[in-house]
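# Results of the structural survey
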Amino acid sequence: MKRSQSLWVLLLCVILAAVGCTNNHAAQPAETKTAVETSEARETPVVVEGGDGLKEAPMLAALVADSKLPPVEERMPVPSDIMIEPVVEEIGQYGGDWKMSWRGPDDKWGIGMITEEALFRFNKEGNRVEPNVAKGYEVNEDYTVFTIHLREGMKWSDGMPFTADDVLFYWEHMLTKETFGKKIYDAYYSVDPDTGERALAEVKKVDDYTFTVTHKYPSVQFLERVAIDNKWFFAPAHFHKTILPEFVGDAKTLEMTKQWGYEDPKQFLVETGYYFWLYPQIPTLRPWVAKTDANSDQFILERNPYYWKTDEAGQQLPYMDRIVQTKIQDPSQKLLGTLSGEYNFGTFDASDFTVLKENEKKGSFRVITWTQPTWSSAGIQLNQTTKDPNLRQLFQDIRFREAISIGVNRMEVSDIVTNGLAEPIQASVPEGVVGYQEGWAQQWAEFDPDRANRLLDEIGLTQRDRNNFRTFSDGSDLTLTIYESDPNKNTFLELLKKYLEDLGLKTDIKLVDGGALFDLKYANEVPIHTENISVANVAFRPDTLVPLRIITPWFGHYGLYSQSGGAEGVKPDGDVAEILNIWNKIKASKSADEINQLANEIYQIHMKNQWVIGYAGPTPILLVAANNMHNIPSDLVWVDEYRTLGHAHPAQFFLK
């Protein structure tokens, strides 16, 4: 492992030399549209003006001139319903390619979040949602009826109208029938505050551009939950009617499955219904549309002629013509390509901070830091339902968790793994983020190997094998197996292995690919993993802190028990069961204040148990952009709920 690292360091040095030689509260009713303040453009963009004062990119104007595309005013919503997207620095100019690396179709969400257009999205501060695909909404006093308005004249990327029928089709023929492999999201259930009964919402069309969602009981956070759980509450009905067996029959769906290169119709419908942005054949509302096969060496997306947003000057977005993603085989290629100028944008973690900062001038790029609501930058989760009964008992013993926490020198972890950027603290909610608890960061954070060994002895791990590793009290082997798919974690894992084995705990690190890790997680075969917790507000997104489904290593098959309604998995008890009880109360709450109080109780239970152990505090996400790329904000939070880079509204990025 060290030898391969040395080879990469040598290769990196060669590239560097080459570069150097060259030069939280409930949603409130919002207005349909708000005024936007922007700075004046420093350079007049190259644009072509159509009717209604709208302007379009030259590449689209050429298609209009050749009668291959309708005029821009016919492609957009009615003027009053066009969404005006604020710009960060200045009105942009058209043209150019956004060049990035990517890992291929397995990295679906990387490009998915960048191009995503949700019905509702979070505002800059992340404390409420705002209309996006939706034009606006009203909600009644008891939060049971939500009336949602769409944009008149809005169109899919193939020019077909987007209407409430696309919402109803998605609800009736895809989501509630689980045709794309997802169960109905919690957002659509309301809960009786007295009995805990769950009731499914009713979705009804009012007219072509209006629909209602009616809950039996109050659903204070409905819009926030939709913005997280089910961002695209719609689908192109005219496309899916051509592939769903309900409309074309099983034989035709199977035929289509084969034509698209799949064997299993179920997998085909998951891909086309859930990961639709990867396929050029599927109409979308996104600013860029897939143009090549995602399995190609380059995955290219091109501007959507029917995109429904403009800047304040009336220029149809997006500014950039294309997104060009080049497939890489090794993560180091992303760094090397950025340093050499092959890519004009990339995201990195703190481990690359020093080399990137040292080469900003040579590489003609800048490093932009975004904060993260992550609990740590180097840590582990212990699966509380791991299959081995001896390990499960050990992991559920709070003394063991404390021992492997204080038995590791956090100062050394911070210095080696994060270049000293992270504080040597415990996995905990960062200060300034919802859920912060005084003193949590210092819990079990002081390096004390003597106490760690005493705790392990106290548990009963006193016997040793011939290699001086501890065994279980019955003499059986005790091996801590850590599964990992990210080779960038090697340095941390080797350091952690050293400290654990100093305590007499034999440690095995198994590197597997991402797909295999996913399968192992679902099979409850991952006892320890390095997955981090990153959540802006548990009340908005409980997935990693509340065992509602199989997703996060620490609760393992407690999540399967909830997901299956008790038919499978491990029944939660103790504090894990209490977390689920509190979550049910949150869903039935009638006020934002009550929700905030209950959410804080969940954080306090996590602090008490420390199922997730961190050895270095959070570090920023690094956005590396070429100096000629503009309108990239520098003060946002990188978190999944806000859709990571999508929170920056990339349609307004431009090259100058």
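Residues numbered from 1 in each chain as written. Predicted model: local features only at pLDDT ≥ 70, side-chain atom pairs only at ≥ 80, totals over all residues. Heavy atoms only, no water.

Per an unreviewed UniProt entry, the chain goes by ABC transporter substrate-binding protein and derives from Cohnella hongkongensis. Its UniProt record gives the chain the following Subcellular location (unreviewed entry) comment, quoted word for word: "Cell membrane". (UniProt positions renumbered as here; feature names shortened; annotations may be inferred.)

## A word on the pattern of salt bridges
Two side chains bearing opposite charge may form a pair once their charged atoms approach each other closely. Applying the stated criterion across every chain yields a total of 36 salt bridges. Residue Glu531 pairs with Lys521 through a salt bridge whose shortest N-O separation is 3.1 Å. Taken together, the residues span a long stretch of sequence, with Glu531 in the loop between strand E22 (528-529) and helix H20 (558-563) and Lys521 in helix H19 (residues 514-522) at a distance of ten residues. Of the residues examined, Lys521 reaches a relative accessible area of 18% and is grouped as buried. (Salt bridge = Lys/Arg side-chain N within 4 Å of Asp/Glu carboxyl O. Helix = DSSP H or I, 4+ residues; strand = E, 2+ residues; numbered from the N terminus. Buried < 20%, exposed > 50% of the residue type's maximum accessible area, 1.4 Å probe, protein only.)

## As for the packing of aromatic side chains
Within this structure, the stated rule accounts for 46 aromatic pairs. When the centroid spacing of 5.7 Å and the interplanar angle of 70° are considered together, the rings of Trp232 and Trp277 count as edge-to-face. Linking Trp232 in the loop between helix H6 (222-229) and helix H7 (237-240) with Trp277 in the loop between helix H10 (265-274) and strand E13 (288-290), this pair joins segments that are 45 residues apart in sequence. With a relative accessible area of 4%, Trp232 lands in the buried category. Ring geometry for Trp260 and Phe268: centres 5.4 Å apart, planes at 65°, overall edge-to-face. Across from the ring centre of Tyr189, 3.8 Å away, lies the NZ or CZ of Arg198, which sits over that ring. Over the ring of Tyr499 we find Lys498, and its NZ or CZ is 4.1 Å from the ring centre. (Phe/Tyr/Trp six-rings, centres within 6.5 Å; stacked < 30°, edge-to-face > 60°. Lys NZ or Arg CZ within 6 Å of the ring centre and 35° of its normal.)

## Details of the sheet that holds strand E24 (residues 621-626)
With antiparallel pairing, three strands are arranged side by side in an open sheet as E17-E24-E18. The open sheet terminates on both sides in strands that have one partner only, identified here as strand E17 (345-348) and strand E18 (365-370). Within the sheet, the average angular offset between the axes of one strand and its neighbour, ignoring direction, is 20°. In this sheet, E24 lies alongside E18 in antiparallel orientation, the contact comprising six bridges. When the sheet's bridge partners are listed, Arg366 is paired in E24 with Ala625. Along the sheet, helix H11 (residues 332-339) contacts E17, E18 and E24; its crossing angle with E17, the most-contacted strand, is approximately 135°. (Pairing = 2+ DSSP bridges. Axes fitted to C-alpha atoms, helices over the stretch in contact; angles between N-to-C directions. Contact = heavy atoms within 4.5 Å.)

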